[in-house]
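One letter stands for each residue in the lines below.
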Amino acid sequence: MDYNTAVEYTHSLLRFGSRPGLSRITALLEALSNPQKKLSAVHVAGTNGKGSVCACLSAIFEKKGLKTGLFISPFITDFRERMQINSKFISKVDYAAAASRVREAAESLPAELFPTEFEFVTAAAVLWFAEKGCDIVVLETGLGGRLDSTNVLEKPLCTVITSISTDHTAVLGDTIDKIAAEKCGIIKENCPLVTTALQPTAAAEVIKRTAEEKDAPLYAVDPTKAEILFDGLSGSDFIFEGMNIHQPLAGEFQVENTCLAVRAAKLAVGSLTEDDIIEGLKNVRHPARFEIMSKSPLIILDGAHNDGGAKALAESLKKYLPSGHLFGICGMLKDKEYEKALSHLTPLFDEIMTVTPESPRALPAEELAKSLEGKVKKVCAEKTDEGLLRRAIEAAAGRPLIIFGSLYLAGQMYKYFE
């Protein structure tokens, strides 16, 4: 297969849907001679912040001089974002080669073990990382943890569980403790676990209990112990564990994510120096997480698509743009608890344009607009055509423009800034 054929084939596996479980990925990796056994990795789960933690970890390990693999989901602008080595996307030639081998392995399996799209991509990434001889790999879970296809590592160097809130409740459970139990599936025997001390009580109890059952050393990082020196739209400066850290990701919540990454990085690689951490974090970039797309006019892009993410975005907007009077572009997926998420944000906006993200799971713009009637002064459904951003800037008339909601929408919006 060439690259385009490989991507088309990969996406065709969406027809199998999402089927949590490890039997298919285990069989697929076995058919590929278990490349995951060659990897030293940090495994990251959580509801919000796991992508930022992965970006920070990757930046730190790269500064150390380690050949660093990074597996994330979903992608924002380019399918190849999902697997990177030292911040470089997998080449088209390499993905075509890896996908061809995974397809051959998949087609050798019984029909009941044929992989889903996410399992296929996970296998391709793991195979690529192993064959390229990565020194360390940072793996972000796709959904949950216990039954997520990334949960094939027998003994990671370290595991991380970021902030937990409600999301994917149909699959993970409808309470915080049930969701936490699924996330805790990545905890391994005697493997260090890092989490935030600010977890909801129900989640913290499940994490503590599971860590004890697994004899996993638990490190609950308290980000309130970080001494904030500066916090603005250009990122933050703070002192943590004796280090004067600057990280360019805007949003107060990013201090918490950075602190988790620092502790996890130290546990995973004992030879890290303070310079590796400090200099590495200066280079962090994580698309569509309170990302400043334009300063004049001010345009911020954020993939706040669930309750925790929307709450974090709302807190950041109130802090950095306290005068309010915001203008928004919003698009959501219909299988998310979008009304609960948006309840944190609607009081901050004068006007919101709703759009339909490019996804089969998209909530139609008209339906989203109807749900927002009476909650903002003005709401209207718009098409995501080439004139969308121009119309929004004109309608905002100098007010800050916040683009938020589904990460699928974020990916669409990037083309307007190229």
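Throughout what follows, the structure given in this document is the object of discussion. (Residues numbered from 1 in each chain as written. Predicted model: local features only at pLDDT ≥ 70, side-chain atom pairs only at ≥ 80, totals over all residues. Heavy atoms only, no water.)

## Description of the overall build of the chain
Along the backbone of the chain there are 15 helices and 17 strands. Along the first, second and third principal axes, the C-alpha set of the chain runs to 60 × 50 × 40 Å. For the chain, contacts bridging at least 24 residues in sequence account for 75% of all contacts bridging at least 6. Per element, the accessible surface of the chain, about 17,000 Å² overall, is 50% carbon and sulfur. (Helix = DSSP H or I, 4+ residues; strand = E, 2+ residues; numbered from the N terminus. Contact = heavy atoms within 4.5 Å. Areas by Shrake-Rupley, 256 points an atom, 1.4 Å probe, with all protein chains shown as cover.)

## Let's talk about the packing of aromatic side chains
Each aromatic ring pair is specified by the distance between its two centres and by the angle formed by the two planes. Inspection of the entire model under this criterion finds eight aromatic pairs. For the ring pair Phe71 and Phe118, a centre distance of 5.9 Å and an interplane angle of 50 degrees mean the geometry is tilted. Of this pair, Phe71 sits in strand S2 (residues 68–71) while Phe118 is found in helix H5 (residues 117–131), placing the two residues 47 residues apart along the sequence. On the basis of relative accessible area, Phe71 is assigned to the buried category, the value being 0%. Aromatic pair Phe75 and Phe79: ring centres 5.9 Å apart, planes at 75 degrees, arrangement edge-to-face. Since its relative accessible area comes to 6%, Phe79 is described here as buried. Put simply, the rings of Tyr3, Phe75, Phe79 and Tyr95 touch in pairs and so form one group of aromatic residues. (Phe/Tyr/Trp six-rings, centres within 6.5 Å; stacked < 30°, edge-to-face > 60°. Buried < 20%, exposed > 50% of the residue type's maximum accessible area, 1.4 Å probe, protein only.)

## A short note on the environment of Asp222
Here Asp222 is to be found in the loop between strand S8 (218–221) and strand S9 (227–232). Sequence separation between Asp222 and Ile187 is 35 residues; the distance between their C-alpha atoms is 20 Å. Engagement of the side chain of Asp222 in a polar contact is seen with the side chain of Thr224, the distance being 2.5 Å. (Polar contact = N/O pair within 3.5 Å; in protein donor to acceptor, adjacent residues only side chain to side chain.)

## Here we look at the sheet that holds strand S14 (residues 326–331)
Ordered in space as S12-S13-S17-S14-S15-S16, the six strands form an open sheet in which the pairing is mixed. Strands at the two margins of the open sheet, each flanked by one partner only, are strand S12 (291–295) and strand S16 (378–381). Direction aside, the axes of adjacent strands within the sheet are offset by 20 degrees on average. With five bridges connecting them, S14 and strand S15 (residues 349–354) associate as parallel partners. Bridging from a neighbouring strand, Cys330 pairs with Thr354 of S15. (Pairing = 2+ DSSP bridges. Axes fitted to C-alpha atoms, helices over the stretch in contact; angles between N-to-C directions.)

## What about the packing of helix H1 (residues 3–12) against H5?
For the pair H1 and H5, interaxial distance at closest approach is 8 Å and the crossing angle is 135 degrees. Taken as axis vectors, H1 and H5 run oblique relative to one another. Across the interface between the two elements, Tyr9, Thr10 and His11 of H1 pack against Glu117, Phe120 and Val121 of H5. Residue composition of the contact of H1 with H5, by class: three nonpolar, two polar and one charged. (Parallel < 35°, antiparallel > 145°, perpendicular 65-115°, else oblique. Nonpolar A, V, L, I, M, F, W, Y, C, P; charged D, E, K, R; others polar.)

## Focus on the pairing of S9
Taken residue by residue, a regular strand's side chains alternate between the two faces of the sheet. Direction of pairing for S9 relative to strand S10 (residues 235–240): antiparallel, over a ladder of five bridges. By the bridge assignment for S10, Gly232 is matched with Gly235. What sits between the antiparallel neighbours S9 and S10 is a turn of two residues.

## Some remarks on the sheet that holds S9
The pairing of strands in a sheet happens through backbone hydrogen bonds and is either parallel or antiparallel. Taken together, three strands build an open sheet; the order of strands is S9-S10-S11 and the sheet is antiparallel. Whereas interior strands pair on both sides, the edge strands pair on one side only; in this sheet they are S9 and strand S11 (243–247). Put simply, the sheet's adjacent strands are angled 10 degrees from each other on average, direction ignored.

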